[in-house]
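The lines below spell out each chain.
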Amino acid sequence: MKKQVPILLAVVASLCPVVGFLLPQPWVDEWMNRRLDEWMVIIASFALVLGVVSVVQVNLHKVRRRSRGWGFSLALLLSLGIMSAFGLFGGQGERADGSLHPFTWVFQFAFSPLQATMFSLLAFYVASASYRAFRVRNVEASLLLVGAVLIMIGRIPLGQAIHPLVPQIAEWIMQFPNTAAQRGIIIGAALGAAAMSIRVMVGIERPYLGKS
Amino acid sequence: MQLQLPGIGEWMAAFFTLCIFSFLYRDNVLYRLAESIFAGVSFGYYIGLARLNTLEPNLFRPLFSDFAGHWPLLIPFALGLILYLRYVPKAAWISNWALAIYIGYYIGVNLIQRLHGEVLPQAKGTMLSLQVPPGQLLGNLVIILGVLTVLIYFFFSSPQRGPLKPAARIGVYYLMISFGASFGYTVMGRISLLIGRLTFVIHEWARPLVRAVFGG
């Protein structure tokens, strides 16, 4: 019961989109694709809470025990609580008077700048990271370096200023060698993912059973 | 002339921006505080999005406004609630049912999407004609050779010996050029973000502040 039922449910659920794809009937499409898609998004929303509960448990434990860095855990919990409350009990976007709902306000003035700045930090470390990556003197590293430099210079006005051919070379790299490599990666990864899907569909892999 | 100080929102955004940039000096309390707040706000944001964009319009509103027409929605509602049974030790195993349906469904979707949406179109796009003008022929050959050699490189089921070895080597060269291009794009994207943040701090916070304090 504990193992057989989930396996059966997973097999049946995995066959639904396949049947929906192979039988292009309106009712099949309605039930096997559209409705189930909608249902799964709803289940995923409930699942989100599981992750949040785990984060809250870990940080609450740190605050209670006054572990090292508990103040940061407290800041995390407070910001999580405030933003969740805005999201759960308020609206989003603009109010009728043109002011922003608190949820959107915090998104615009806290979440968005924090995220953008966090990612922009990498720009400062690119030089040292590139140096470390390109220090290995072999053909592969040289190709990586040449590809990166040509793409970066070729996509800005500096490339055109150096030589009119530079942007064209950058474009050629993107259009041919890069397309070829990306295609190889996509085909390889997709075949691997499809094989993994089949293993789950026939019950060889059972990620939904966890450690049990 | 009316002096306009930056608003609370601009002050907050500038504070967080500078807190994160303070990491460039070294790891410090302000950076870690901003980092923790970012994590908390992110979780809160996704919880809010789940309610505002998914649960409210797709579950609660249809159920409360027209129950007779939308009663099947009780099924995902029940499955969602079943997930929380993992907090009840004696009934935790039942939560696997909802998980199995969720994972199973997306496994099926994944199979179709990968094969029909990726493998077939990409393979079709690689079957290029060689009876074309010389300029186009070079490009087509580069693509065909690249896809084949990259796939040979990714073929791990047997040792790469004999003619497969140099072919896999060429595949690695293609991959390196592609990774270089991706790296270049990533760097450009991050520098663009940096420019955006600096533009904000200078034009929307520091300049109005300086003007309001010192005039001009």
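These numbers were taken from a predicted model, which means no experiment stands behind them. Residue indices begin from 1 for each chain and proceed along its sequence in written order. Chains carry letters from A onward and ligands carry numbers from 1 onward, assigned in written order. Note on the predicted model: pLDDT of at least 70 is required for a residue's local features to be given, and 80 or more for side-chain atom pairs to be given and counted; whole-chain, interface and lining totals, by contrast, use all residues. Each side-chain value is derived from all of the structure's non-hydrogen atoms; neither hydrogens nor water enter the calculation.

A few points about the overall build of chain A
Reasoning step 1: Each helix and strand in chain A was counted, giving nine helices and zero strands.
Reasoning step 2: In this treatment the radius of gyration is a C-alpha quantity, and the globule benchmark scales as 2.2 Å times the residue count to the 0.38 power. Relative to its length of 212 residues, chain A is extended, with a C-alpha radius of gyration of 25 Å against a globular reference of 17 Å.
Reasoning step 3: With 212 residues in all, chain A has 38% of them scored as buried.
Reasoning step 4: Taking the intrachain contacts of chain A between residues at least 6 apart in sequence as the baseline, contacts between residues at least 24 apart amount to 17%.
Reasoning step 5: Total accessible area computed for chain A in this model is approximately 11,900 Å², and 67% of it derives from carbon and sulfur atoms.
Reasoning step 6: Between the mean site of the 18 positive side-chain charges and the mean site of the 9 negative ones, chain A shows a separation of 20 Å. Numbering goes from the N terminus for both helices and strands, where a helix is a DSSP run of H or I of at least four residues and a strand is a run of E of at least two. Relative accessibility under 20% of the residue-type maximum defines a buried residue, over 50% an exposed one, and the middle range a partly exposed one, all with a 1.4 Å probe and only protein chains included. Contact between two residues is taken to exist if any of their heavy atoms lie within 4.5 Å; hydrogens are not considered. Surface accessibility in these figures is a Shrake-Rupley result with a 1.4 Å probe; residues are shielded only by whichever protein chains are displayed. Here Asp and Glu are counted as negative and Lys and Arg as positive; His is not counted, and neither are the chain ends. Where a charge lies is defined by one atom per residue type: Lys uses NZ, Arg uses CZ, Asp uses CG and Glu uses CD.

Observations concerning unusual backbone geometry
Reasoning step 1: Its identity as a non-glycine residue notwithstanding, Arg 66 of chain A has a phi of 50°, on the positive side.
Reasoning step 2: Counting through the fold element by element, Arg 66 of chain A comes out in the loop between helix H2 (26-64) and helix H3 (70-89).

Describing the UniProt feature "transmembrane region" (unreviewed entry) in chain B
All names here are of chain B.
Reasoning step 1: UniProt positions are given in the numbering used here, feature names are shortened, and annotations may be inferred rather than shown by experiment. On the UniProt side, "transmembrane region" (unreviewed entry) is annotated at positions that read residues 6-24, 29-47, 67-85, 97-117, 137-156 and 168-188 here.
Reasoning step 2: Between the first and last C-alpha atoms of residues 67-85 the distance is 25 Å; the span itself is 68% helix and 0% strand.
Reasoning step 3: With 100% helix and 0% strand, residues 97-117 has end C-alpha atoms that lie 29 Å from one another.

Some details on the domain arrangement of chain A
The accessible area lost on association of the parts is a frequent measure of interface size.
Residue and element names in this part refer to chain A.
Reasoning step 1: Once the domains are mapped, chain A shows domain 1 (4-121) and domain 2 (122-175).
Reasoning step 2: An automatic or database domain assignment is the source of the domain bounds shown. Distance between the C-alpha centres of domain 1 and domain 2: 38 Å.
Reasoning step 3: With four residues of domain 1 at the interface, the matching set in domain 2 holds four residues.
Reasoning step 4: A buried area of about 250 Å², summed over both sides, lies between domain 1 and domain 2, and 45% of it is on carbon and sulfur atoms.
Reasoning step 5: By definition, the buried area sums, over both parts, the 1.4 Å-probe accessible area that each loses when the two are put together. Among the residues of domain 1 in contact with domain 2, Phe 119, Ser 120 and Leu 121 are the three that bury the most area, contributing 100% of the side total.
Reasoning step 6: Here, a salt bridge means any Lys or Arg side-chain nitrogen found within 4 Å of an Asp or Glu carboxyl oxygen. Taken together, the connections running from domain 1 to domain 2 amount to zero salt bridges.
Reasoning step 7: Polar contact criterion, stated in full: a pair of N or O atoms within 3.5 Å, where within protein one must be able to donate a hydrogen and the other to accept it, and residues adjacent in sequence count only if both atoms are side-chain atoms. Our count for the domain 1 to domain 2 interface comes out at five residue pairs in polar contact (both at pLDDT 80 or more).

Some details on the environment of Ala 14 of chain B
Reasoning step 1: If you trace the backbone, Ala 14 of chain B turns up in helix H1 (residues 8-21).
Reasoning step 2: Between the alpha carbons of Ala 14 of chain B and Glu 204 of chain B there is a distance of 8.9 Å; along the sequence they are 190 residues apart.

A short note on the nonpolar core
Reasoning step 1: Of all hydrophobic cores here, the largest spans 22 residues; its most connected members are Met 83 and Leu 114 of chain A together with Phe 16, Ile 20, Ala 34, Ile 37 and Val 41 of chain B.
Reasoning step 2: At the level of elements, H3 and helix H4 (102-120) of chain A together with H1 and helix H2 (29-65) of chain B are the ones that each hand at least two residues to this core.
Reasoning step 3: By residue number, the principal contributor to this core is H2 of chain B, which donates seven residues.
Reasoning step 4: Aside from chain neighbours lying at most four places away, what touches Val 41 of chain B is Ser 79, Leu 80, Met 83, Val 106 and Phe 111 of chain A.
Reasoning step 5: Counting 19 residues, the second largest nonpolar core, distinct from the first, contains Cys 16 of chain A together with Leu 55, Leu 59 and Ile 101 of chain B. The set of buried Ala, Val, Leu, Ile, Met, Phe, Trp, Tyr and Cys residues whose side-chain atoms join them within 4.5 Å is what this entry labels a nonpolar core.

Structural notes on the interface of chain A and chain B
Reasoning step 1: Listed as interface residues are 109 residues of chain A and, on the opposing side, 108 residues of chain B.
Reasoning step 2: When chain A packs against chain B, close to 10,100 Å² is buried across both sides, 81% of that on carbon and sulfur atoms.
Reasoning step 3: Note that Arg 169 of chain B is salt-bridged to Glu 140 of chain A, the shortest N-O span being 2.7 Å.
Reasoning step 4: Contributions of two or more residues to the side of chain A that touches chain B are made by helix H1 (4-22), H2, H3, H4, helix H5 (122-134), helix H6 (139-154), helix H8 (165-175) and helix H9 (177-201) of chain A.
Reasoning step 5: Per-element tally for the side of chain A that touches chain B: the top contributor is H2 of chain A, with 22 residues.
Reasoning step 6: Three residue categories are used. Nonpolar comprises Ala, Val, Leu, Ile, Met, Phe, Trp, Tyr, Cys and Pro, charged comprises Asp, Glu, Lys and Arg, and polar comprises the others, including Gly. By residue class, the composition of the side of chain A that touches chain B is 80 nonpolar, 22 polar and seven charged.

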